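# Structure assessment
Spelled out, the chains give:
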Amino acid sequence: MTFLVVSILASVNIASRYALKKYVEDQLQRSNWDISAYQSGDVQASSDIAAALRQTDGIAANNRLLFLRNSMTTEDVAYIDGQPIRLPWLSLLTTSDTSILPIGIRPLQGKAVLVLVGTKSQMGNAYAELQNKRHFEVKLEDHHAVDNAHHDGAADTADHHSASVDVFNVELERTIRIERKDLNRWFLEQTSSPSLIPEVGAILVTQYDDQIVNAFDALARGIVTVHDDGDIHEEASSYFPDIIHLLKADTGRLVSGWDIDTSLDNLTQLQTDLDNNTFAIGPRVFIDNSTRVLLERMNETAKRVGLISLLIALPLIWVGWILMGNLSGMLLLNERRKFCLLRLRGASGRAMGKALQLSIGGGAFLGGSVGAVLGTVLPIWVYEGSMLPLRTVLVVQQPYLLLIFVVIGVGVAMTVSRKLVKYASTISPLEASGRVVRSETEHVNVVFGVTGF
């Protein structure tokens, strides 16, 4: 019975750790990216940062996500199929892997999708009017020069060209409307945090192109273009660039749901390496290691799994207690004649009591030790299909927990056997030799439950 009690306790603990392992693995599979690296500063340095992050040992995949938000100034004019359109905000959303984008705004190769952000009332007729439009461009215009030319009546084609600068242009695949909450939901799935999305404006979604990114960044920060007829000065606008490097760690090598503590050490070292590799480039990079946060929470739970397993197994221990009590009564009935012979040959009750205590304690300890080993090895073999390394086994099934389980099993056995030991050590030779013993009705009755049924 001690063997069964201890093996149950050990098995419940392994089952709890396995459930924790499966939860960690499930959460890792649900996470699109393990680490989000937020870059501040120069947009053009993102290529160097991405290369440094990608070359760090322990990184299996990476993706660059840029969300550049720019409030349009009076000099910035967007054209769609040659028709000017005024936008309070124009943002650029681009990524090196467009497969992570929502299908509705995912552009085809070499084209872009224009996303209108806002409610139907805010957009008005803009969405309907922009359907089937195929060419989008942004120009920097000197309206003061154009107005003077018209006032003097000398504005010709060359003057108009000298008063504007083409910043960039793209071919549109389609124009759609989306609400902020839907886009923020996607940001949460990819980066684990929402983004600041203008309430009303347009987002140009493209595949990553250095030329478009640099042109948009220069427009937002303020550029000066020199012409023969004069300079066009672009004022820096309200500009909020988000440069996010999405990283996938080699979790198969670095993370184990069985050994969360070592996994935490591996991810901490990986974060240190990422910081060191990007420090010398220039822009600061803030690492948001969501997988590490998950493991820190699970590590606290893992430390309490032993107590949780014990609480879960309390009903089983109580059942084992009842079975042991009934078993001791049955053993007493079977061994009464042996006690009789020992007492008639002059064996003292005290010596018999000590012998019984030693045999019960030794047998319980041996059974508990075997139960601890089998209750650890067999569940692991069933769950994993093979044996874990010894170091991992000692982490999953900590030795002090096994010792506690054995002590509990031996303690239950010794406590239950007190009646048996007391009866054997106090029975008189005359009483032991009788066919019917009155004291047996008091000491060896079989009881099921508190009510005695």
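Whatever comes next refers back to the structure up there.
Per chain, the residues get numbers from 1 upward, laid out in the order the sequence is written. Restriction of local features to residues with pLDDT of at least 70 applies here, the model being predicted, together with a cutoff of 80 or more for giving and counting side-chain atom pairs; totals for whole chains, interfaces and linings are based on all residues. Computation of side-chain values: all heavy atoms of the structure, hydrogens and water removed.

### A closer look at the overall build of the chain
Numbering of helices and strands runs from the N terminus; a helix is a DSSP stretch of H or I covering at least four residues, while a strand is a stretch of E covering at least two. For the chain, the count of helices and strands is 18 helices and 13 strands. A simple rule labels every residue: compare its accessible area, found with a 1.4 Å probe on the protein chains alone, to the largest value its type can have, and call it buried under 20%, exposed over 50%, or partly exposed in between. Here the chain holds 453 residues, and 45% of them are scored as buried. Partitioning the contacts of the chain with sequence separation of at least 6, the portion at a separation of at least 24 is 81%. The protein chains shown are the only cover counted for residues, whose accessible areas, like all others here, come from Shrake-Rupley with a 1.4 Å probe. Looking at the chain as shown, the accessible area adds up to about 23600 Å², and 56% of this sits on carbon and sulfur atoms. Contact criterion: two residues are considered in contact whenever any of their non-hydrogen atoms come within 4.5 Å of each other.

### Section: the pattern of salt bridges
What counts as a salt bridge is simple: a side-chain nitrogen of Lys or Arg found within 4 Å of a carboxyl oxygen of Asp or Glu. What the rule picks out here adds up to twelve salt bridges. In this structure, Lys22 and Glu25 form a salt bridge, with 4.0 Å as the shortest nitrogen-oxygen distance. With a gap of three residues between them, Lys22 and Glu25 both fall in helix H1 (residues 2-30), about one helical turn apart. With a shortest N-O distance of 3.0 Å, Arg69 and Asp242 are connected by a salt bridge. Placement of the pair is Arg69 in strand S2 (residues 59-71) and Asp242 in strand S12 (residues 239-249), with a sequence separation of 173 residues. Relative accessible area serves as the criterion here: at 4%, Arg69 is assigned to the buried category. Residue Asp242 is classed as partly exposed on the basis of its relative accessible area of 24%. Three or more residues are tied together by salt bridges with common partners; here these are Lys21, Lys22, Glu25 and Glu384.

### Quick word on the environment of Val305
Turning to its location among the elements, Val305 is positioned in helix H12 (residues 305-344). Using a relative accessible area of 5% as the deciding quantity, one classes Val305 as buried. The sequence separation of Val305 and Val12 amounts to 293 residues, and the corresponding C-alpha distance is 9.6 Å. With near-sequence residues (within four places) excluded, Val305 lies in contact with Asn13, Ser16, Arg17 and Leu20.

Shape is all these values report; function is a separate question.
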